[in-house]
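# Geometric and topological summary
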Amino acid sequence: MRTEPLKVALLGCGVVGSEVARLMTANAADLAARVGAPLELVGIAVRRPNRQREVPGVDPKLFTTDAEALVKRDDVDLVIEVIGGIEPSRALILAALESGKSVVSANKALLAEDGSTLYQAAEKHGVDLYYEAAVAGAIPLVRPLRESLVGDRVHRVLGIVNGTTNFILDRMDTTGAGFAEALEEATALGYAEADPTADVEGFDAAAKAAILAGLAFHTRVTASDVHREGITEVTSADIASARAMNSVVKLLAICEVDAEAGKVSARVHPAMIPRSHPLAGVREAYNAVFIESEAAGQLMFYGPGAGGAPTASAVLGDLVAIARNKVTGSRGPGESAYAGLTVRPVGEARTRYHISLDVDDKPGVLSAVAGIFAEQDVSIATVRQSGRGLDAQLVIVTHLAPDAALTATVARLRALDFVRDVSSVMRVESD
C-alpha cells in the first residue's frame, strides 16, 4: 500500500459536508485499505468561518474562506464539492479540474445545467468527475447507468427522486391532510427547506431527471429540456380520485427513448399509479427508481434519497473510486453523449389522463363530452357517471394519446357551458 497520503479538499461543510468530514476521519483506516493509500483532509472551504461547527476529529484550523486558493493548492490531489448551486461551484470545480484534480460533486443543479462543460474539462485534463450523490442520495443509480448497464440498452427510467414531495403526497394519502398541512409537517421534520420551491415545484426532480436521461440514453439532456410540473396544485380531490381507482398520486420522473424516431423524452409531473405498482408502496421521504433495459429487464433501486449521512455515503463511495484511479494511474468513464438524440417535446409524449368533471344533470351530457374526445382523436378507456343534481359527475380515464391532444381536450371541456368544473386532471401511469 502506498504510504504517502492523497490530500483531499472539501468545499462546503453543511449537513452533507460535515458528515463527509466526520466519516473520513472516523473511517480513515478502512478507507485507506480500500483505496490503497491514506486519505488526508487538508482543507475545508466555508462561507462563515466563525460559525460554531463541531465535526468530531476535524482540526478547526482546516477551515478557510478562500475556496479558490484551496482547490488550486499544489499539494491537493482530490476535491469534493458539496456547496450546491451554480456559482461559485462551477468556477471552483473547473479550477480544480484545470489544476489536474479529480472531483466528486453532489451538485445536481449544476450538472443538469452545464454538465457538458465539466465533462469536457475533466477529459481535457485527464481527470475524473464523479457525482453519484447528485441524483438520489445513497441510492446507487449513476454508477449502474455509467458502468453496470453500459453493455445494455436502457429503454425507460421511471421513479420517485424527491423525498420531500413523496413525504407530502404520502401524508395527503394516508392521513387526509391537505397540501399546506402536509408541507408544514415536512418542514417541521426537516424534510423540506425553509423555501421549499425547488422541491414542491419540481425543479429538484427535473435536474435529476436530466442527469438520468443523459446517462441512460447517451445524449446531452439539460434541466431546461425536462417538462416540469410540481405538486402545489395537487388537491384532496385528486387524492380522493386516485383512491377511488385504487391508486396513489406520486411525483414521477419519467425518461424514455424512442430509438426508431431518434428521440428521448424527460418529464416530471404528478401521476396516479395503481397501488399494486411497487412505486406506490414507497412511503415517507424515500426514493425509488425503475430502470427498464433490453437484456436486464426491470431493475428497481430503493432507499433514502437525501440526508447528511446517506448522501455522504455516496460521496465517499465516489471518493474511494477516484482515489483508486489516482493510485493506479487510471480513469473512470467520462461523458457518453455519442447518440446525440433529439429531445421530444412533452406534447408528443404519449400518456393517459384521469379527468373528473362536475356537470349539469341533464340528458346528452355524456354524448357531448364523448364527442369532444372523438374530435381530438382521444380514445376513452373507462367512464363513470354518478350523482344527481348538483352532485352529478363524470370520471373519465383515457387510453394512451399524445399529451398535446389530451391538453386540448381538457381545454375544450372547460369551455362547455354544461361543465360546471373540471375538478381533477391527472396523468395516469399504469405500468
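Read on for an overview of the structure. (Residues numbered from 1 in each chain as written. Predicted model: local features only at pLDDT ≥ 70, side-chain atom pairs only at ≥ 80, totals over all residues. Heavy atoms only, no water.)

## Regarding unusual backbone geometry
Among all residues except glycine, the phi angle is most often negative; among peptide bonds, the trans geometry is most common. The test is simple: For the purposes of this entry, the term helix denotes a DSSP run of H or I that reaches at least four residues, the term strand denotes a run of E that reaches at least two, and both are numbered from the N terminus. Between buried and exposed lies partly exposed: a residue is buried under 20% and exposed over 50% of the maximum accessible area for its type, with that area taken using a 1.4 Å probe on protein chains only.
Cis geometry is found at the peptide bond from Glu87 to Pro88, where omega equals 10°. Inspection of the secondary structure assignment puts Pro88 in the loop between strand E4 (78-81) and helix H4 (89-98). The backbone of Glu284 shows a phi angle near 55°, a positive value even though the residue is not glycine. Locating Glu284 in the fold gives a position in the loop between strand E10 (263-274) and strand E11 (286-293). Of note in this structure, Asp377 is not a glycine but carries a positive phi near 60°. Residue placement: Asp377 occurs in the loop between helix H14 (365-375) and strand E15 (380-386). Given a relative accessible area of 68%, Asp377 falls into the exposed group.

## Concerning the side chain of Lys101
Threshold: Two residue types count as positive, namely Lys and Arg, and two as negative, namely Asp and Glu; His and chain ends fall outside the count. By definition, a salt bridge exists where a carboxyl oxygen of Asp or Glu is found within 4 Å of a side-chain nitrogen of Lys or Arg. Here a polar contact is recorded for every N or O atom pair within 3.5 Å, except that within protein the pair must consist of a potential hydrogen donor and a potential acceptor, and residues adjacent in sequence are included only if both atoms are side-chain atoms. The criterion used for residue contact is that any of the two residues' heavy atoms lie within 4.5 Å.
Tracing the backbone shows Lys101 in the loop between H4 and strand E5 (102-105). Summary of buried charges: Lys101 has no salt-bridge partner, and the nearest side chain of opposite charge, Asp74, is 5.6 Å away. Of the polar contacts made by the side chain of Lys101, one reaches the backbone oxygen of Arg73; its length is 3.2 Å. The residues contacting Lys101, other than those within four sequence positions of it, are Val71, Lys72, Arg73, Val76, Asp77, Val79, Ala96 and Val127.

## Observations concerning the nonpolar core
Threshold: The definition of a nonpolar core used throughout is a set of buried Ala, Val, Leu, Ile, Met, Phe, Trp, Tyr and Cys residues joined through side-chain atoms within 4.5 Å.
Grouped together as the largest cluster of nonpolar side chains are 79 residues, with contacts concentrated most on Tyr131, Leu141, Ile168 and Ile291. For this core, the element with the highest residue contribution is helix H11 (residues 203-217), accounting for 11 residues. Setting aside residues no more than four positions away along its own chain, Ile168 makes contact with Phe179, Ala182, Leu183, Ala186, Val200 and Ile231. In terms of nonpolar packing, the next biggest core, distinct from the first, is built from 35 residues, Ala21, Met24, Leu319 and Ile322 among them.

## Some points on helix H8 (residues 163-175)
Spelled out, the test is: A helix is expected to span 1.5 Å multiplied by its residue count minus one.
Under the 1.5 Å per step criterion, the end-to-end length of H8 is 18 Å for 13 residues, consistent within 8% with the ideal 18 Å. Here H8 lies mainly inside the structure; 11 of its 13 residues are buried. Those residues of H8 that fall on the buried side of the exposure criterion are Gly163, Thr164, Thr165, Asn166, Phe167, Ile168, Leu169, Asp170, Arg171, Met172 and Asp173. In the core, the buried residues of H8 are packed alongside strand E7 (154-160), helix H9 (179-188), helix H10 (197-200), helix H12 (236-244), strand E9 (247-258) and E11. Measuring from the backbone nitrogen of Thr164 back to the side-chain oxygen at the start of H8 gives 3.2 Å, which picks out Asn162 as the cap. Positive backbone phi, approximately 80°, marks Gly176, located one or two places after H8.

## Here's the deal with the environment of Asp361
On the secondary structure map, Asp361 appears in the loop between strand E14 (350-359) and H14. In this structure the C-alpha to C-alpha distance between Asp361 and Asp391, which are 30 residues apart in sequence, comes to 8.3 Å. Asp361 has contacts with Arg388, Gly389 and Ala392, leaving out every residue within four places of it along the chain. Within polar-contact distance, the side chain of Asp361 engages the side chain of Arg388 at 3.1 Å. Within polar-contact distance, the side chain of Asp361 engages the backbone nitrogen of Gly389 at 2.9 Å.

## Brief notes about the sheet that holds E4
To keep things clear, this is the line we draw: When DSSP finds two or more bridges between two strands, those strands count as paired.
Ordered in space as E3-E2-E1-E4-E5-E6, the 6 strands form an open sheet in which the pairing is parallel. The sheet is open, and its two edges are formed by strand E3 (63-64) and strand E6 (129-130), each paired on a single side. With 6 bridges joining them, strand E1 (residues 6-11) and strand E2 (residues 39-45) adopt parallel strand pairing. Residue Lys7 lies in a different strand from E2, and its bridge partner there is Glu40.

## Regarding the pairing of E5
Rules: The handedness rule is simple: strands pointing away from the viewer, and a clockwise path from the first strand over the helix to the second, make the crossover right-handed.
Residues Ser102 and Val104 line one face of E5 and the alternating positions Val103 and Ser105 line the opposite face, and both faces are buried. The sheet contact formed by E4 and E5 spans 4 bridges and is parallel. Residue pairing in the sheet places Glu81 in a bridge with Ser105 of E5. With H4 bridging E4 and its parallel neighbour E5, the resulting β-α-β unit is right-handed. Here 2 bridges tie E5 to E6, and the two strands are oriented parallel to one another. Following the sheet pairing, Val104 is matched in E6 by Tyr130. Crossover connection from E5 via helix H5 (residues 108-125) to parallel E6: handedness right-handed.

## Remarks on the side chain of Asp204
For Asp204, the location among the structural elements is in helix H11. Within polar-contact distance, the side chain of Asp204 engages the side chain of Asn162 at 2.9 Å. Aside from chain neighbours lying at most four places away, what touches Asp204 is Lys108, Val161, Asn162, Ala198 and Asp199.

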